[in-house]
Amino acid sequence: MSVTQTCKRIAPRYGKLFGAASAAALLLSACSDSSSSDENDVEASIDTAGRLALYDSNDSAVVVYDLDSEVALQRFALTGGEPSLYASPDKRYAVLIQRDDNQVSFLDGGLYTEDHVDHLHDYAVDPTMLDYTLSGTRPTHYSTHEEHGAVFFDAEDGVPSTVSILSDADIAAGLVTGELSLINNMHGAAKLVDDKLFVTYRDPSITDTTLPAAVERYAFVDGSFTFEHRYEEACPLLHGHAANEEVIAFGCGDGMLFIDLTQDDFPASKLLNPESMIEDARIGSVIAHEEADELIGIAGDQVFVVDPDSEQVFLELPFPDDVSKVAQGFNVDGQTYYILGNDGMLYLYDVQAQWAALDPVAVADSAGEEDSAPVVVSSAAADRLYVLNTNGQQVIEVDSLDGSIVRTVDLGFTATRITWLGLTESHEHQD
């Protein structure tokens, strides 16, 4: 008989909030050691807004903050430089990438679901920092697709780039799904789609930049990668990639490269930059959502909705000329695309209404040249965005459908990084 620490919810997801002291006491008293054996196990569904992992820049620590009780549950000291914070594919773990320290570490946010064969069982336990780490030279780009995440290690001259693929189950076991070493270093990226790995390639003859200029495909079987194909369609100065259910796209210096995921031979096609793009600009970031047919291509201050199958392939989203974009992305279900400006305004676009622009809403303090820009992360459980305010001391919860402010949470410390962890919208319990 195994014993698992479980913790009951202390408040409805968006209901009445407790004071910090009483909420902390209730949170602790709600946790107990309970049997997870089949004879005692009953279905348990937790209704929670989730937790935030934030980097306290003054204390060099990662803080896990509970959105239900508005309490900082745990604080973990971190050696080395400021990390980039991401979420694992199933949103249980925070992925901490410290490029200059050549390290990737993992923090268990404490909210997860187990499959008990006849039902799914949710758990809420104390956050923990795992002993498991990935080591490699200059880990930089991280992305997820379905149940797998990919960490790309840029490496350096004389040291080849490597790719580590891992799932939430791998992180829990201290393993990786697979690893691939390339022929040289590059500022690249990779994505595992089912049993195919798409990864960037830099020909050794390219010496004036570390950016790749092509894409390769590998088959992934039984933990090993086997080279299949190098695409002839060139993608000079490749940077930025994303995938939905039908296509994976890469940003190129002269346009975008698309690989069709619906056909057995995964053919590629190329689109050149639109005439409306500012001179000398290029698409350097790509954003996608599995529920959205179109992708987003970002070229400096221009944001394009990209649909290779449409008569109007590139549709530029309207945005004020005198405002800088500091954060953008899709909400949980892909119904809304948001852009946060340095003016503190949230600009929303209705994806299902042909990307119609809604009235902008003030959700943060404006950011000057010497201020830290606000940061945004989307909940994976509900139509909520969490904005880390310009001063880093408040988190503003925003309705991602209309931009209205739901609440403002005072952190009590100054944060510069943020990611959301918790039970995702897709986790469903059997009756």
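Look up: the structure comes first, before these words.
Visitor: Can you break down the overall build of the chain residue by residue, with the values?
Guide: The helix and strand tally for the chain stands at two helices and 37 strands. Here the chain holds 431 residues, and 54% of them are scored as buried. Considering only residue pairs separated by 6 or more positions, the chain has 49% of its internal contacts joining residues 24 or more positions apart. About 19,000 Å² of surface is accessible on the chain, with carbon and sulfur atoms providing 45% of the total.

Visitor: Go over the state of the cysteines with me, naming the residues and quoting the values.
Guide: Counted according to the given criterion, the structure contains one disulfide. Covalently, C235 is tied to C252 through a disulfide, its sulfur atoms 2.0 Å apart. Handedness of the C235-C252 disulfide follows from its S-S torsion of about -100°: it is left-handed. One end of the pair, C235, is in the loop between β19 (224-230) and β20 (241-243); the other, C252, is in strand β21 (residues 247-252), with 17 residues separating them in the sequence. For the pair C235 and C252, a shared accessibility class is recorded, and that class is buried.

Visitor: Outline the pattern of salt bridges, supporting the account with residue identities and numerical values.
Guide: Taken as a whole, this structure holds 15 salt bridges when the rule is applied. Between R138 and E156 there is a salt bridge, with the nearest N and O atoms lying 3.9 Å from each other. Here E156 lies in the loop between β13 (148-153) and β14 (162-166) and R138 lies in the loop between β11 (128-135) and β12 (139-145), a separation of 18 residues in the sequence. In this structure R138 comes out as partly exposed when scored by relative accessible area, which is 35%. Among the residues examined, E156 registers a relative accessible area of 34% and is labelled partly exposed. The shortest N-O distance in the salt bridge between R384 and D399 comes to 3.6 Å. Of this pair, R384 sits in strand β34 (residues 384-388) while D399 sits in strand β35 (residues 394-399), and the two are 15 residues apart along the sequence. Accessibility classification places R384 together with D399 in one group, the buried group.

Visitor: Go over the sheet that holds strand β5 (residues 71-77) with me, naming the residues and quoting the values.
Guide: With antiparallel pairing, the four strands of this open sheet are ordered in space as β5-β4-β3-β37. The outermost strands of the open sheet, each flanked by one partner alone, are β5 and β37 (415-421). Averaged over all pairs of adjacent strands, the angle between their axes in this sheet comes to 20°, without regard to strand direction. Across six bridges, strand β4 (residues 61-66) lies against β5 in antiparallel orientation. Paired with D66 across the two strands is V71, which belongs to β5.

Visitor: So what's going on with the pairing of strand β33 (residues 375-378)? Residues and values would help.
Guide: Where β33 meets β34, four bridges bridge the pair, whose relative direction is antiparallel. Within the sheet, the bridge partner assigned to V376 lies in β34 and is V387. Adjacent in sequence and paired antiparallel, β33 and β34 are bridged by five residues.

Visitor: For the nonpolar core, give the residues involved together with the corresponding values.
Guide: Judged by nonpolar contacts, the single largest core of 18 residues is most densely connected at L52, L54, Y386, V395, L411, I418 and W420. Examining the composition of this core, we find that three residues originate from one element, β37, more than from any other. The contact partners of L52, leaving out residues within four places of it in the chain, are V63, V64, Y65, L67, V377, Y386, V395, I418, T419 and W420. Counting residues in each nonpolar core, the second largest holds 16 residues, with L317, Y349, V351 and W355 among its members.

Visitor: Quick one: what's the story with unusual backbone geometry, residue by residue and with numbers?
Guide: Even without being a glycine, E70 presents a positive backbone phi close to 55°. The residue E70 is located in the loop between β4 and β5 in this model. A residue is classified by how much of its surface remains accessible, and E70, at 23% relative accessible area, is partly exposed. At F266, a residue that is not glycine, the phi angle is positive and equals roughly 50°. With respect to the helices and strands, F266 occurs in the loop between β22 (255-260) and β23 (268-272). By relative accessible area, which is 13% here, F266 ends up buried.

Rules of the game
- Residues numbered from 1 in each chain as written.
- Predicted model: local features only at pLDDT ≥ 70, side-chain atom pairs only at ≥ 80, totals over all residues.
- Heavy atoms only, no water.
- Helix = DSSP H or I, 4+ residues; strand = E, 2+ residues; numbered from the N terminus.
- Buried < 20%, exposed > 50% of the residue type's maximum accessible area, 1.4 Å probe, protein only.
- Contact = heavy atoms within 4.5 Å.
- Areas by Shrake-Rupley, 256 points an atom, 1.4 Å probe, with all protein chains shown as cover.
- Disulfide = S-S within 2.5 Å.
- Salt bridge = Lys/Arg side-chain N within 4 Å of Asp/Glu carboxyl O.
- Pairing = 2+ DSSP bridges.
- Axes fitted to C-alpha atoms, helices over the stretch in contact; angles between N-to-C directions.
- Core = buried A, V, L, I, M, F, W, Y, C linked by side-chain atoms within 4.5 Å.

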